[in-house]
Amino acid sequence: MLQLSYIRDNANEIIERLKVRNFDGQEVIDYIVSLDKERRETQTKLDTEQGEMNKISKKIGELFKSGKRDEAEEYKAKTGELKEAVKKHHTKLNEIDEKLQGLLYQVPNVPNKIVPAGKSDADNEIIEEVGQKPTFDFEPKPHWDLAKEFELIDFELGNKITGAGFPLYTGKGARLQRALKEFFLNEAIEAGYVEVMPPLLVNEDTGKGTGQLPDKEGQMYHTELDHLFLIPTAEVPITNIYRDVIIKEDQFPIKHCGYTPCFRREAGSYGKDVRGLNRLHQFDKVEIVQVTHPEKSYEALDEMVSYVRSIIEKLELPYRVARLCGGDLGFTSALTYDMEVYSAAQDKWLEVSSISNFETFQANRLKARFKDKNGKMQLAHTLNGSALAFPRILAAILENNQTKDGINIPKALVPFTGFDKI
RNA sequence: GGAGAGGUGGCAGAGUGGUAAUGCAGCGGAUUGCUAAUCCGUAGUCGCCUAACAGCGGCUCCCGAGUUCGAGUCUCGGUCUCUCCGCCA
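Parameters at a glance
Residues numbered from 1 in each chain as written. Chains lettered and ligands numbered in written order. Predicted model: local features only at pLDDT ≥ 70, side-chain atom pairs only at ≥ 80, totals over all residues. Heavy atoms only, no water. UniProt positions renumbered as here; feature names shortened; annotations may be inferred. Helix = DSSP H or I, 4+ residues; strand = E, 2+ residues; numbered from the N terminus. Expected span 1.5 Å × (residues − 1). Buried < 20%, exposed > 50% of the residue type's maximum accessible area, 1.4 Å probe, protein only. Pairing = 2+ DSSP bridges. Axes fitted to C-alpha atoms, helices over the stretch in contact; angles between N-to-C directions. Parallel < 35°, antiparallel > 145°, perpendicular 65-115°, else oblique. Left-handed = near helix turned anticlockwise from the far one by under 90°. Contact = heavy atoms within 4.5 Å. Domains from an automatic or database assignment. Buried area = accessible area lost by both parts, 1.4 Å probe. Salt bridge = Lys/Arg side-chain N within 4 Å of Asp/Glu carboxyl O. Polar contact = N/O pair within 3.5 Å; in protein donor to acceptor, adjacent residues only side chain to side chain. Nonpolar A, V, L, I, M, F, W, Y, C, P; charged D, E, K, R; others polar. Near = heavy atom within 4 Å.

An unreviewed UniProt entry lists chain A under the name Serine--tRNA ligase, with Salibacter halophilus given as the organism. According to UniProt, the comment filed for chain A under the heading Sequence similarities (unreviewed entry) is "Belongs to the class-II aminoacyl-tRNA synthetase family. Type-1 seryl-tRNA synthetase subfamily." The annotation that UniProt attaches to chain A under Subcellular location (unreviewed entry) is "Cytoplasm".

Laid out in C-alpha cells, this is it:
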C-alpha cells in the first residue's frame, strides 16, 4: 500500500509511472487525492468540536467539585448541539477513512524507473544468460517420463490421495527433495541469513501485511472453521515477523531464510504449463527475506540476485536473469528479477526464483518501522526471493543430467543425497 | 470441547467515573578532572500552523458499539492470550 502522503505530493508522477504496468491510475488517484482533502477538512472540524467538548467537560468537573451544581447544570444543557456535530463528523470521518482504505488497496506499487514497459513475460528484459545448454546424442526425455521410469515421483498416487498438483515423491525422489532442502538452507545460512521455521497457516492480519489480502484470497487455501490461510510462500509468515515492530537501526540489514511447503490454488491455470512439476498446488521452497534501511534496499536486491546465481551455478544449471516488465510485475513489487533455469527436454526456461524489492509498500501495511538518526519514524524496506523453489530445479536437474543409462546428481548435492547417480 | 483469569506506553506495573502514577531500559540534554552518580526532558498517530524548527489541538489504556457533561474505569458484542480439566502427537 502506498503512503497517503506520498500520493498527495506526487500524484501526477505516480499516475505516469503506473502506466508502465498498464495500470490506469488517473481516476483512482484523483479520487484518493480529493477524498484525502475532504478527510482533512472533516478532521479539522471534528478536532475543534471535540476540543470544545473537552473544555466544557473539564469545566463541569471543576464546578461539581467546588459544589456549584446549578452552574454545572447550565453547562450541561449547552452540550447537546455540540455533541450532535461531533457525532456527525465522526461518522463522516469513519466513512471517508473506510473508502480511502479500500481505494489505497487497489493501487499497485510504483515501478522502479528501470522497469521496462511491456505486457507479459514475453516483454521481460533478459539481462544475462549463463552456462551451456546440454547436448544429447539421443532424444532427451521430459522429467515426468524420467520420474516415472526411475520411480522418483508418483503423480497418480498424489492424484488419488489429494488431487492434481499434489505429487507423491518416492525413494530417491523423496531423498532428493530432502537434499535440496539441506543444501539450500546451508548455503543461505552461510551467506548470513538467519534460519526460521514459521507456521504454515496464517491469520488474516498476516495475509494483509504482505499484500495477499484482500483481493487475492482466491490464490490461497482457506480453512473455513478457523479462518486461517495456508501460506503460498514463506515470505508471508517471515516478513510478518516485523509487523508492528519498531526496528533498531543497527539491526539492519535483517536477513532470514526459511524452508516451507507452499500451497497455491493456481485458479485459472491449465494446459501445458501444468505438466509434471511445472506448476503445482503444493511444493517446497527455501525463501530468503531481507528488511533493510530504505537507502540500502537496492544494494540488498543486488546481493540477493548474486546469491541466487551462486547456488544455481553450484547446481551446474544453465540459467538466465530477467528483469520483469511492468505488465509482469507483481502487485506489491517495485522491481523484480526472475531467475530461470534451462530445462533441456522441454526446451524451456523455468522460473525458479523471483527476487523483489517492495520498498515501503509492504512495510506500510506491516508498520515495520525504525527511528532514524534524527529521531523520526520511517518505514523500512522489505525484499524477498526464492532460493530456491524445488520442483522446477528438480525438473531441470533430471532433464539436463540424463544419460543413456541414468541421471547424474550435481556434485554439490551428493553429500546430501548419498548417491551420485540415479 | 468445559471452567476460570486477563489484555494499560520498549519492558515491568498502579489506577473502579473527573481526563493515564511509578520503576527499569533506550535516546537527548545539564552538571562533571575521567568514570560513576545525580538532575531535566523524552510514546505513537492524525490534523492546524510553519521554509524548517517550534507551537497548538484531536485520537489512542485489545477492537467495536452504548450509557454519561465526562469512560482505562460502567453495559453489550467481538477478538486474542494465559491457567485448570478433558482429548491428544
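Back to the write-up after that little detour.
Q: Which residues make up helix α9 (residues 297-314), and what are the values?
A: With 18 residues, α9 ought to run about 26 Å at 1.5 Å a step, and its terminal C-alpha atoms sit 26 Å apart, in line with that. By the burial criterion, the buried members of α9 are Ser297, Ala300, Leu301, Met304, Val305, Tyr307, Val308, Arg309, Ile311 and Ile312. After α9 finishes, the residue Glu316 shows a positive phi value of roughly 60 degrees.

Q: Got a sec to walk through the sheet that holds strand β4 (residues 194-196)? Specific residues and values, please.
A: Across the sheet, eight strands lie side by side as β1-β11-β12-β13-β16-β10-β9-β4; this open sheet has mixed pairing. Two strands in the sheet have a free side with no partner beyond their single neighbour: β1 (125-130) and β4. On average, adjacent strands in this sheet sit at an angle of 25 degrees to one another, irrespective of strand direction. Where strand β12 (residues 335-343) meets strand β13 (residues 348-359), nine bridges bridge the pair, whose relative direction is antiparallel. Bridge pairing in β13 links Thr336 to Ser356.

Q: Tell me about unusual backbone geometry, residues and numbers included.
A: With an omega of -10 degrees, the peptide bond between Phe252 and Pro253 qualifies as cis. On the secondary structure map, Pro253 appears in the loop between β8 (246-247) and β9 (254-263). For Glu316, which is not a glycine, the phi torsion comes out positive at approximately 60 degrees. Structurally, Glu316 is set in the loop between α9 and β11 (319-323).

Q: Got a sec to walk through the packing of helix α6 (residues 171-190) against helix α11 (residues 390-400)? Specific residues and values, please.
A: At a minimum axis distance of 11 Å, the contact between α6 and α11 shows a crossing angle of 115 degrees. Comparing the axis directions of α6 and α11 gives the class roughly perpendicular. Crossing of α6 against α11: the hand is right-handed. On α11, the residues touching Leu176, Gln177, Leu180, Lys181 and Phe184 of α6 are Phe390, Ile393 and Leu394.

Q: With reference to specific residues and values, describe the sheet that holds β8.
A: Sheet architecture is open: three strands sit in the order β8-β14-β15, paired in mixed fashion. Here the strands that pair on one side only, and so sit at the sheet edges, are β8 and β15 (377-379). Of the pairings in the sheet, the one linking strand β14 (residues 369-371) to β15 comprises three bridges and is antiparallel in character. Residue pairing in the sheet places Phe370 in a bridge with Gln378 of β15.

Q: Explain the domain arrangement of chain A to me, and be specific about the residues and the numbers.
A: When cut into domains, chain A gives domain 1 (4-106) and domain 2 (121-417). When each unit is reduced to the centre of its C-alpha atoms, the spacing between domain 1 and domain 2 is 43 Å. Both sides of the domain 1 and domain 2 interface together cover about 620 Å² of buried area, and 50% of this is carbon and sulfur. In this structure, the connection of domain 1 to domain 2 is made through zero salt bridges. For the pair domain 1 and domain 2, the number of links is three residue pairs in polar contact (both at pLDDT 80 or more). Within the side of domain 1 that touches domain 2, the residues separate by chemical class into two nonpolar, two polar and one charged.

Q: Provide a residue-level description of the protein's contact with RNA strand B, including the pertinent values.
A: Near RNA strand B lie 23 residues; those nearest to it are Arg39, Gln43, Asp47, Gln50 and Ser57. Close to the protein, within 4 Å, the atoms of RNA strand B belong to sugar or phosphate groups at a rate of 75%. Within the side chain of Gln50, one N or O atom sits 2.6 Å away from a sugar or linking oxygen of RNA strand B. A distance of 2.9 Å separates a base nitrogen of RNA strand B from a polar atom in the backbone of Ser57. Contributing elements (two or more residues each) for the surface near RNA strand B: α2 (26-65), α3 (69-106) and β14.

Q: How would you explain the pairing of β12 if you had to name every residue and give the values?
A: Summarising burial for β12: nine of the nine residues are buried, a large majority. Side chains Leu335, Tyr337, Met339, Val341 and Ser343 project from β12 onto one buried face, and the interleaved Thr336, Asp338, Glu340 and Tyr342 project onto a second face that is buried too. Bridge count between β11 and β12: five bridges; the pairing is antiparallel. Residue pairing in the sheet places Arg320 in a bridge with Glu340 of β12. Hairpin connection of β12 to β13: four residues between the antiparallel strands, including Asp347 at a positive phi of 50 degrees.

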